[in-house]
Amino acid sequence: MKIIQILTLLFTMSAPVWAQSSQPLLMNIHTAENFTDQQYDKLMQAKQLVELIINSAAFKSRVLNFSYNGTQEFVQNNGMSNQQIYDLLMTGAEMFPQQTASDHFMDFDLVLYKPKWYQSKKVLGYTDQSTNVIHINKSFFNQASVNEIAMNLVHEWVHKMGFDHDFKNTSRRPSSVPYAVGYIVRDLGSM
Ligand SMILES: [Zn+2]
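Residues numbered from 1 in each chain as written. Predicted model: local features only at pLDDT ≥ 70, side-chain atom pairs only at ≥ 80, totals over all residues. Heavy atoms only, no water.

Visitor: Please explain the packing of helix α3 (residues 57–64) against helix α4 (residues 82–91) as it appears in this structure.
Guide: Helix packing for two helices is described by the angle between their axes and how far apart those axes are. Their axes nearest at 8 Å, the elements α3 and α4 cross at an angle of 140 degrees. Taken together, α3 and α4 sit at an angle that is classed as oblique. Touching Phe-59, Lys-60, Val-63 and Leu-64 of α3 are Asn-82, Gln-83 and Tyr-86, all from α4. (Axes fitted to C-alpha atoms, helices over the stretch in contact; angles between N-to-C directions. Helix = DSSP H or I, 4+ residues; strand = E, 2+ residues; numbered from the N terminus. Parallel < 35°, antiparallel > 145°, perpendicular 65-115°, else oblique. Contact = heavy atoms within 4.5 Å.)

Quick look at the structure:
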């Protein structure tokens, strides 16, 4: 009985004062490798921006109203409506590399890396379904504005949520969930 009361109290206290009726989605950066203090500061600014945007009414509206070719849906949407995609993202329940609980935390393990000379300098970063780790191109990170870093973090995280896009730069790729949601974050972050 006592334990339940204490847990309830802790749970109540952990909710930020600005929380609305639904629980906010926050970022949890578990690890950040190869970051200097200055780069880590920039990462923290991007984290703040992501949390501000993703919990905003403007973000919700942009996701719910997103359309491709005159239809209100994302490309490669895994059979989900815009509302279902929004609701899923807000749970923070990653699918890869393994299914996590709806804990309202976006989980991140980050590594800054320098691409090899034969790899594209244009790649902002990458991840895959077998690992928690998201690689961010160091030269992109250094020259990017905070809202562009926020875009990149969200893009890679949306992959963890189970959404994919064309490998090649097709005309529909910008309307895939990782790209489109990333662009929404970038654009709202530039205002
Ligand atoms: Zn991607």
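Picking up where we left off.
Visitor: Just checking my understanding: could you explain the sheet that holds strand β2 (residues 105–113) for this structure?
Guide: The strands that make up a sheet pair up through hydrogen bonds in the backbone, lying either parallel or antiparallel. Within the open sheet, the four strands sit side by side as β1-β2-β4-β3. Their pairing is mixed. The outermost strands of the open sheet, each flanked by one partner alone, are β1 (26–33) and β3 (125–126). With two bridges connecting them, β3 and strand β4 (residues 133–137) associate as antiparallel partners. Following the sheet pairing, Tyr-126 is matched in β4 by His-135. (Pairing = 2+ DSSP bridges.)

Visitor: So what exactly am I meant to see when it comes to the coordination of the zinc ion here?
Guide: Ideal values for angles at a metal depend on the geometry: 109.5 degrees with four tetrahedral donors, 90 or 180 degrees with six octahedral donors. Note on the zinc ion: its protein donors are His-155 (NE2), His-159 (NE2) and His-165 (NE2). The metal-donor distances range over 2.1 Å. Judged by its relative accessible area of 10%, His-155 falls in the buried class. Overall, His-159 belongs to the buried group, its relative accessible area being 15%. (Donors = N, O, S within 2.8 Å, 3.2 Å for Na, K, Ca; no water. Buried < 20%, exposed > 50% of the residue type's maximum accessible area, 1.4 Å probe, protein only.)

Visitor: Whenever I open this one, the packing of aromatic side chains confuses me. Can you help?
Guide: Any two aromatic rings considered together are summarised by their centre-to-centre distance and by the angle between their planes. Evaluation of the coordinates by the stated rule reveals five aromatic pairs. Consider the rings of Phe-66 and Phe-74, whose centres lie 4.3 Å apart with planes at 5 degrees: the pair is stacked. For Phe-66, a relative accessible area of 15% corresponds to the buried category. Geometrically, the ring pair formed by Tyr-179 and Tyr-183 is tilted, given 5.9 Å between the ring centres and 50 degrees between the ring planes. You can see Tyr-179 and its partner Tyr-183 sitting in helix α7 (residues 177–189), four residues apart, about one turn around the helix. Overall, the relative accessible area of 17% leaves Tyr-179 in the buried class. Its relative accessible area of 27% is what places Tyr-183 among the partly exposed residues. The positively charged end of Lys-42 is found above the aromatic ring belonging to Phe-141, 5.7 Å away from the centroid. (Phe/Tyr/Trp six-rings, centres within 6.5 Å; stacked < 30°, edge-to-face > 60°. Lys NZ or Arg CZ within 6 Å of the ring centre and 35° of its normal.)

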